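# Fold and geometry: a report
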Amino acid sequence: MPNLSDEREIIDGLFQDAEDALGRGALGKASLLYQGILRSAPDHVGALRQLAALEANLGDPAIALTLFERAQELNP
């Protein structure tokens, strides 16, 4: 049985790495990290919102809208 506390720590670390990459302007790396987080934790609101913002600015607006809507459902 996986230790949920350890899993949360790993996801938090990945999220911080993604935020750091975003801050450095490494948008591709940040996007990949957010996507990785969402594979493990599909309800991670922070990753949903950040990836949606990246998609809205650099990617597919339809994907951005879907991600923003999902984040809003989880955390109105």
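Residues numbered from 1 in each chain as written. Predicted model: local features only at pLDDT ≥ 70, side-chain atom pairs only at ≥ 80, totals over all residues. Heavy atoms only, no water.

What follows deals with helix α4 (residues 61-74). Taking 1.5 Å of rise per residue, the 14 residues of α4 would be expected to cover 20 Å, and the 20 Å separating its terminal C-alpha atoms lies within 8% of that figure. The complete set of buried residues in α4 reads A64, L67 and A71. For α4, the angular spread of buried residues about the axis comes to 70 degrees, placing them on one side. For α4, the exposed residues set more than 90 degrees away from the buried face come down to T66 and E73. Looking at the buried side of α4, the elements it contacts are α3 (45-58). (Helix = DSSP H or I, 4+ residues; strand = E, 2+ residues; numbered from the N terminus. Expected span 1.5 Å × (residues − 1). Buried < 20%, exposed > 50% of the residue type's maximum accessible area, 1.4 Å probe, protein only. Arc of directions from axis to C-beta. Contact = heavy atoms within 4.5 Å.)

Now for the environment of D20. With respect to the helices and strands, the residue D20 is situated in helix α1 (residues 4-24). Between the C-alpha atom of D20 and that of A53, which follows or precedes it by 33 residues, the distance is 16 Å. Among the polar contacts listed, one links the side chain of D20 to the side chain of Q16, at a separation of 2.9 Å. (Polar contact = N/O pair within 3.5 Å; in protein donor to acceptor, adjacent residues only side chain to side chain.)

Further remarks concern the pattern of salt bridges. On inspection of all chains with the given rule, the structure shows 2 salt bridges. Here R70 and D43 are joined by a salt bridge, their closest N and O atoms 2.3 Å apart. With a gap of 27 residues between them, R70 in helix α4 and D43 in the loop between α2 (27-40) and α3 connect regions that are remote in the sequence. Looking at R70, the relative accessible area reads 31%, which means it is partly exposed. For D43, a relative accessible area of 42% puts it in the partly exposed group. A salt bridge links R70 to E73, with the nearest nitrogen and oxygen atoms 3.5 Å apart. Placement of the pair is R70 and E73 together in helix α4, with a separation of 3 residues, close to one helical turn. (Salt bridge = Lys/Arg side-chain N within 4 Å of Asp/Glu carboxyl O.)

Right, let's get into the environment of K29. As for its position among the elements, K29 is in helix α2. As for K29 and E19, which are separated by 10 residues in sequence, their C-alpha atoms are 10.0 Å apart. Residues in contact with K29, not counting those within four places in the same chain, are A21 and R24.

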